[in-house]
Amino acid sequence: MGETAKIILDGKTYEFPVIVGTENEKAIDISKLRAQSGYITLDNGFGNTGACLSAITFLDGEKGILRYRGYPVEQIAEKSTFVETAYLLIHGELPTAKESQAFSDSFTAHAELHKDMLNFFQGYPSTAHPMGILSAMLCSLSAYHPELLNPEPSPQEIKILAAQLLSKVRTISAYTYRKMNGLPFVPPRKDLKYIPNFLYMMFSTPKKEYKIDQTVVDALRALLILHADHEQNCSTSTVRVVGSSWANLFASISAGVCALWGPLHGGANQEVVEMLEQIKADGGNIQKYIDKAKAPDSNYRLMGFGHRVYKNFDPRAKIIKQKADEVLKKLGVHDPLLDIAMKLEEAVLKDEYFVKRKLYPNVDFYSGIIYKAMGIPVDMFTVMFAIGRMPGWIAHWKEMRENPDSKICRPRQVYNGKLQRDYVPIGKR
Ligand code: CMC
């Protein structure tokens, strides 16, 4: 028997196995705690709870390490394509040339939306938030693919589902942008690669076809790769929880999009740029906003700072900051928001409140500045995060569904409500 952990409750000692991961991460397997002792564990926000074993992404928040299937994210972001990264996350290994071609071809085959789905876009008011549209559209795909709703999908069905979602998320996102801007839809092209095709669908006008800009393509490639997976974050856990009931992949991913929308998660990239704009409009008074975030009875937070797991630095933020600088220079854009962002970061990194709480810039702090320079509107930023995160969501859903030991997610609670009492009719209350 390996290492064990002892828990003493009501004078009785219980022993539980210690699970050790490949990177020497240690966990106490308490799955039998309640059956043996009657106790459960309580962990607000699951900050100390491992929900599964996973071989997809390794993250060490103290050391600022992030690896996809063992490969450092810095290497992947520099050398790989987004499609290859998606393959790696979903299938576990980098593809051969033949596998890579087949994977890309499957995206081409599934890029177009059913013509009836195009009508859905017309039903939304132009003020609709694109994340709401994205979630609804992804779930609606289930209506057009009843053949892919098998609660126990075969490996071949999972392959098709992955291609459908990875390809269509790009078409839906571009069409949402077109609808918001009163522009006609531009269908995907068979000859363009993943990112150029997306930019082409987004930015071509009836008079002028979008001219591929390699700087923009490369920056977007790096951004999507850096967002591709982040182990058990809020939206990925949501996808796993929904999928654990054997709900289909369209439904599970649609729920993940909703979780990502929140300002504490993916929605932070939109909030960051809005915050920087507010600081600019307020005369650039950075200290005022730092003080507001530090005020003891204020709920205000500096968006783009802090992370549940990174307590040193976010390796993704480091690369993105560098990219933001490069992209703006290459595109010849001078964005005063970048200057404000850099000054804010400098001030925060010296401020005792933030230092003490280990609050560093996260992945969302500089990404919005890059999206803005590319001409992507602010309320599409979280949609860009969703396109990037799609491979991770699919990989986790697949890993969970292929694991014969996975169970429906059903946490417990400690009830702290009223004790039993008798019903009182309305006139006597
Ligand atoms: N500004 C000011 N104070 C903060 C911030 C912030 N951005 N983030 C955390 N704190 C404070 C918080 O008030 C608390 O202080 P105290 O100990 O005095 O009560 C302490 O730091 C710990 O915060 P927490 O809320 O317990 O930490 P958490 O791990 O639950 O939250 C977080 C992590 C990312 C939700 C949080 O840092 C936050 O709200 N950040 C701003 C939103 C943001 O940028 N989100 C994007 C995260 S990266 C993209 C992704 O993967 O989702």
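Residues numbered from 1 in each chain as written. Predicted model: local features only at pLDDT ≥ 70, side-chain atom pairs only at ≥ 80, totals over all residues. Heavy atoms only, no water.

Draft legend 1. Just the overall build of the protein, in detail. Secondary structure summary: the protein contains 18 helices and 6 strands in total. Computed over its C-alpha atoms, the radius of gyration of the protein comes to 23 Å, within 12% of the 22 Å expected for a compact globule of 429 residues. Counting every position in the protein, which comprises 429 residues, the buried fraction comes to 46%. Partitioning the contacts of the protein with sequence separation of at least 6, the portion at a separation of at least 24 is 69%. For the protein, the exposed surface amounts to about 22,400 Å²; the carbon and sulfur share of it is 53%. In the protein, which carries 53 positive and 47 negative side-chain charges, the distance between the mean positions of the two groups comes to 3 Å. (Helix = DSSP H or I, 4+ residues; strand = E, 2+ residues; numbered from the N terminus. Rg over C-alpha atoms; globule rule 2.2 N^0.38 Å. Buried < 20%, exposed > 50% of the residue type's maximum accessible area, 1.4 Å probe, protein only. Contact = heavy atoms within 4.5 Å. Areas by Shrake-Rupley, 256 points an atom, 1.4 Å probe, with all protein chains shown as cover. Lys, Arg positive; Asp, Glu negative; His and termini not counted. Charge placed at Lys NZ, Arg CZ, Asp CG, Glu CD.)

Draft legend 2. Structural detail: the domain arrangement of the protein. You can read the domains of the protein as domain 1 (4-50), domain 2 (72-261 + 386-402) and domain 3 (268-374). Put simply, the middle of domain 2 and the middle of domain 3, counted by C-alpha atoms, are 27 Å apart. Facing the 16 residues of domain 2 at the interface are 18 residues of domain 3. The contact between domain 2 and domain 3 buries some 1,500 Å² in all, and 72% of this surface belongs to carbon and sulfur atoms. For the domain 2 face of the interface with domain 3, the top three residues by lost area are L223, L226 and H230, together amounting to 36%. In this assembly, domain 2 and domain 3 are joined by 1 salt bridge. Viewed at the interface, domain 3 and domain 2 are joined by 3 residue pairs in polar contact (both at pLDDT 80 or more). Contributing elements (two or more residues each) for the side of domain 2 that touches domain 3: helix 2 (73-79) and helix 9 (214-227). With 9 residues, the single largest contributor to the side of domain 2 that touches domain 3 is helix 9. For the side of domain 2 that touches domain 3, the per-class residue count stands at 8 nonpolar, 4 polar and 4 charged. (Domains from an automatic or database assignment. Buried area = accessible area lost by both parts, 1.4 Å probe. Salt bridge = Lys/Arg side-chain N within 4 Å of Asp/Glu carboxyl O. Polar contact = N/O pair within 3.5 Å; in protein donor to acceptor, adjacent residues only side chain to side chain. Nonpolar A, V, L, I, M, F, W, Y, C, P; charged D, E, K, R; others polar.)

Draft legend 3. Focus on the pairing of strand 2 (residues 12-20). Across 6 bridges, the pairing between strand 1 (residues 4-9) and strand 2 is antiparallel. Along strand 2, the bridge assignment pairs A5 with F16. The hairpin turn running from strand 1 into strand 2, its antiparallel successor, is 2 residues long, and D10 in that turn takes a positive phi close to 50 degrees. Sheet topology note: the strand 2/strand 3 (residues 26-28) ladder contains 3 bridges and is antiparallel. The residue bridging V18 from the neighbouring strand is I28, located in strand 3. In sequence, strand 2 turns back onto strand 3 through a hairpin of 5 residues, with N24 there showing a positive phi of about 65 degrees. (Pairing = 2+ DSSP bridges.)

Draft legend 4. View of the side chain of S204. Locating S204 in the fold gives a position in the loop between helix 8 (194-203) and helix 9. Judged by its relative accessible area of 3%, S204 falls in the buried class. Of the polar contacts made by the side chain of S204, one reaches the backbone nitrogen of Y210; its length is 2.9 Å. Every residue in contact with S204, bar those within four places of it in the chain, is listed here: R178, V186, L199, E209 and Y210.

Draft legend 5. How the structure looks around the layout of surface pockets. In this structure, the second largest pocket spans a volume of roughly 460 Å³. Around the second largest pocket, the lining is made up of 22 residues, and of these V83, S104, L192, K193 and Y194 lie nearest the centre. At the level of elements, helix 3 (82-91), helix 4 (97-109), helix 8 and helix 9 are the ones that each hand at least two residues to the lining of the second largest pocket. With 7 residues, the single largest contributor to the lining of the second largest pocket is helix 4. Of the residues that constitute the lining of the second largest pocket, the class distribution is 9 nonpolar, 6 polar and 7 charged. (1 Å grid on protein atoms, 1.4 Å probe; cavity = no way out; pocket = protein on both sides within 12 Å on 5 of 7 lines; lining within 4 Å. Points joined across faces, edges and corners; volume = space filled by probe spheres on them.)

Draft legend 6. Seen up close, the packing of helix 4 against helix 7 (residues 155-180). At a minimum axis distance of 8 Å, the contact between helix 4 and helix 7 shows a crossing angle of 55 degrees. Considering their axes alone, helix 4 and helix 7 lie oblique with respect to each other. Here the hand of the crossing between helix 4 and helix 7 comes out right-handed. Here F103, S106 and F107 of helix 4 come into contact with helix 7, specifically with A163, L166, S167 and R170. Here the contact of helix 4 with helix 7 is built from residues that sort into 4 nonpolar, 2 polar and 1 charged. (Axes fitted to C-alpha atoms, helices over the stretch in contact; angles between N-to-C directions. Parallel < 35°, antiparallel > 145°, perpendicular 65-115°, else oblique. Left-handed = near helix turned anticlockwise from the far one by under 90°.)

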